[in-house]
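# An overview of the molecular structure
Residue-level listing of the chains:
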Amino acid sequence: MPSNRYFQPEIETASRDYLHAIQSARLIRMVKNCYENVPFYRRKFDEIGLLPEDIHSIDDIVKLPFTIKQDLRDNYPYGLFAVPPKQLIRIHASSGTTGKQTVVGYTQEDVLHWAQGAARALVAAGCTKDDYVHVSYGYGLFTGGLGLHDGAALLGATVIPVSSGNTQRQVQILQDFHSDFLCCTPSYAMFIGETVAEMGIDPKTLPLRGGLFGAEPWTPNMRAEIERLLDIKAQDIYGLSEIAGPGVSYDCEAFDGLHVCEDYFYPEIIDPDTLQPLPDGESGELVFTCIGKEALPLVRYRTRDISSLTHETCSCGRTIVRMRKPVGRSDDMLIIRGVNVFPSQVEHVILSQGLDPNYQIHVDRADNLDVMTVVVELSEAMFSDSVSAIEVAERKLKNAMLSTLGVSANIKLVNPRSLPRSEGKAKRVFDNRGLIDYNVGNH
Ligand code: DLL
């Protein structure tokens, strides 16, 4: 079923040969730009004896070295920029787990390409220039707010730049300003949905039709919950500051992987141990090369996100490559008594027991042993159950954790709505072992 929901059909449905040709031309230009204008890359290329002339097509990308977040930190703030300040029109930054922020910059062209990505995502979600787009991602150094803002403006839609916070006021605006599309993190969408219910508003009476949610991993069950709470279609949007903000990839109506704007952001999947590229369908670390970017042309940037790719044409008619929704980051992984545990697995178990995804994971060390405690809110229905029914639910959840994760967890069921709600990226993991702070982001 070919879609009429394309913003740039000439790219989104282009032949693979055409995409290969533009990617090749852009990679050749980018490598030259890096060699001539970024001393860090000239040094790295020299170390492996690589000259710009060695790059003939996009297939030669495998000859290039990788870039990691630490490289951005070591060259803080502007050391990897390839253009002089007069060409820059915007700076963003993302807070990391430790140490300095990662600073990124954009030229006029870069902002345009990024906005095109966000506009492609909006159109794929069914948004048109006649719609009102309510942006509740944080505005500021975080890319979420301004990214969706620019995308909606490029499309010609009407932007309502609310930013995050003051949730009752958000609901009031959703109602009074006739917001058609909501853009925020999935955690915040849940919170807004709960607030709609608390305010006694029937979501069916809201004009809202859809939403673009991203900036953190979220499960299909969470999608269903957001769709129920707000009576909308919820679509995924992915991005990262280092490459571009929201709009690096996006859902279509097929919900069968996120379409990557590969004309600007070329993706690869690698084995994080051997660093070798992996074929379509295999899971590994997602790597991006900013083949169309002027200010910060990152080469083979290792995202730490776990995903896989497929180049098969989607049922929506798009030919551009799809990435599987990232289920987590390799650096979010907790090691509990030697067992690898992803927060997304914990969430999956919680949902499988009929509970809502309002939870926290606490990890402590007692007598040199890791102890994981999962704190989960009871649903309203369970809350009114008898004490013994709640004890049964707790025991069932404990057993399900052990059989799915392979490691035991203490379970603490708490009252509905007693855990703090997030207006940006949810903070769910509290590792108190003094090893690493896993809680990235403050938006
Ligand atoms: O989160 C950019 C963004 C803003 C994306 C708004 C979507 C919507 P950073 O703060 O640099 O940028 O964080 C990037 O967040 O490497 C992923 O681990 C995670 N992430 C982003 N989008 C998704 C998503 C923005 N849709 C990091 N699903 C990335 C899962 C996501 N994880």
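None of these values were measured; they are calculated from a predicted model.

## Quick notes on the overall build of the protein
Helix and strand content of the protein: 12 helices and 20 strands. Relative to the globule expectation of 22 Å for 443 residues, the C-alpha radius of gyration of the protein, 22 Å, shows essentially globular dimensions. Referenced to the eigenvectors of the C-alpha coordinate spread, the extents of the protein come out at roughly 75 × 55 × 40 Å. Counting every position in the protein, which comprises 443 residues, the buried fraction comes to 57%. Across the protein, every contact between residues at least 6 apart in sequence was considered, and the portion connecting residues at least 24 apart equals 66%. Entry remark: accessible area of the protein is about 18,400 Å², with carbon and sulfur atoms responsible for 51%.

## What about the side chain of Arg 120?
Assignment of secondary structure puts Arg 120 in helix α5 (residues 108-124). Beyond its immediate stretch of four places on either side in the chain, Arg 120 contacts Phe 7, Gln 8, Ile 11, Glu 12, Tyr 250, Cys 261, Asp 263 and Tyr 264.

## As for the site of the ligand
Residues in contact with the ligand amount to 21 residues; listed here are only the nearest, Asp 236, Ile 237, Ser 241, Asp 305 and Lys 425. A distance of 3.3 Å separates a nitrogen atom of the ligand from a polar backbone atom of Glu 216. Between the ligand and the protein, one listed contact pairs a nitrogen atom with a side-chain N or O atom of Asp 236 at 2.7 Å. Of all the secondary structure elements, the ones that give two or more residues to the shell around the ligand are α6 (143-155) and β7 (233-240). Here the residues of the shell around the ligand sort into 9 nonpolar, 6 polar and 6 charged.

## Overview of helix α10 (residues 343-352)
In an α-helix, one turn spans 3.6 residues; hence positions three or four apart end up facing the same way. Within α10, burial applies to Pro 343, Val 346, Glu 347, Val 349, Ile 350 and Leu 351. Along its buried surface, α10 packs onto α9 (220-230), β16 (339-341), β17 (359-366), β18 (369-377), α12 (387-405) and β20 (429-431). Immediately beyond the C-terminal end of α10, within one or two residues, lies Gly 354, with a positive phi of roughly 80 degrees.

## Considering the pairing of β7
It is a general feature of regular strands that their side chains alternate between the two faces of the sheet. In terms of burial, β7 is largely enclosed, as 6 of its 8 residues are buried. With 5 bridges joining them, strand β6 (residues 210-214) and β7 adopt parallel strand pairing. Paired with Phe 213 across the strands is Asp 236, a residue of β7. Between β6 and its parallel partner β7, the chain crosses via α9, and the hand of that crossover is right-handed. Pairing of β7 with strand β8 (residues 244-250) involves 4 bridges; the strand directions are antiparallel. Looking at the pairing, Ile 237 lines up with Tyr 250 of β8. Hairpin connection between β7 and β8: a loop of 3 residues separates the two successive antiparallel strands.

## Some points on the nonpolar core
Leu 27, Phe 45, Leu 64, Leu 122 and Phe 288 are the most contacted members of the largest nonpolar core, which has 72 residues in total. At 7 residues, the largest contribution of residues to this core is made by helix α2 (residues 16-37). Discounting chain neighbours no more than four positions away, the residues touching Leu 64 are Leu 27, Val 31, Phe 45, Leu 50, Ile 55, Val 299 and Arg 300. Judged by nonpolar contacts, the second largest core, of 26 residues, contains Met 372, Val 374, Met 401 and Ile 411.

## What to know about the pattern of salt bridges
As enumerated under the stated definition, the model contains 25 salt bridges in all. Among the ionic pairs, Arg 209 bridges to Asp 131, the shortest N-O distance being 3.0 Å. Here Arg 209 is found in the loop between α8 (186-198) and β6, whereas its partner Asp 131 is found in the loop between α5 and β3 (132-135), with 78 residues between them in sequence. Residue classification places Asp 131 among the buried residues on the basis of a relative accessible area of 5%. A salt bridge links Glu 194 to Arg 421, with the shortest nitrogen-to-oxygen separation between them at 2.8 Å. You can see Glu 194 sitting in helix α8 and its partner Arg 421 sitting in the loop between β19 (410-414) and β20, a full 227 residues away along the chain. In this structure, a network of salt bridges that share partners links the residues Glu 194, Glu 198, Glu 377, Arg 417 and Arg 421.

## So, the domain arrangement of the protein
Each assigned domain of the protein is listed here: domain 1 (1-330) and domain 2 (334-431). On a C-alpha basis, the centroid separation for the pair domain 1 and domain 2 is 30 Å. Listed per partner, the contact involves 20 residues of domain 1 and 15 residues of domain 2. Interface area for domain 1 against domain 2, summed over the two sides, is near 1,500 Å², with a carbon-plus-sulfur share of 53%.

Parameters at a glance
Residues take numbers from 1 onward in each chain, read along the sequence in its written order. Side-chain atom pairs in this predicted model are given and counted only at pLDDT of 80 or more, local residue features only at pLDDT of at least 70, and totals for whole chains, interfaces and linings cover all residues. Each side-chain value is derived from all of the structure's non-hydrogen atoms; neither hydrogens nor water enter the calculation. Going along the chain from the N terminus, every DSSP run of H or I of four or more residues is numbered as a helix, and every run of E of two or more is numbered as a strand. Here the globule rule reads 2.2 Å times residues to the power 0.38, and the radius of gyration is calculated from C-alpha atoms. Accessible area is worked out with a 1.4 Å probe on protein chains only. A residue is then buried under 20% of its type maximum, exposed over 50%, and partly exposed in between. Any pair of residues with heavy atoms lying within 4.5 Å of one another is described as a contacting pair. Areas reported as accessible are Shrake-Rupley estimates using a 1.4 Å probe. Residue values count occlusion only from the protein chains shown. Whether a residue is near a molecule or strand depends on its heavy atoms: it is near if one of them lies within 4 Å of it. For the purposes of these results, a polar contact is taken to be a pair of N or O atoms within 3.5 Å, where, inside protein, one atom must be able to donate a hydrogen and its partner to accept one; residues adjacent in sequence count only when each atom of the pair is a side-chain atom. Just so you know the grouping, Ala, Val, Leu, Ile, Met, Phe, Trp, Tyr, Cys and Pro go in nonpolar, Asp, Glu, Lys and Arg go in charged, and all remaining residues, Gly too, go in polar. Strand pairing follows a simple DSSP-based rule, namely that at least 2 bridges must link the two strands. Orienting the strands away from the viewer, one traces the path from the first strand over the helix to the second; a clockwise path indicates a right-handed crossover. Put simply, buried Ala, Val, Leu, Ile, Met, Phe, Trp, Tyr and Cys residues joined by side-chain atoms within 4.5 Å make one nonpolar core. A carboxyl oxygen of Asp or Glu within 4 Å of a side-chain nitrogen of Lys or Arg is what we treat as a salt bridge. An automatic or database domain assignment supplies the start and end points of every domain. For any pair of parts, buried area is found by adding up, for both, the accessible area (1.4 Å probe) each one loses once the two are put together.

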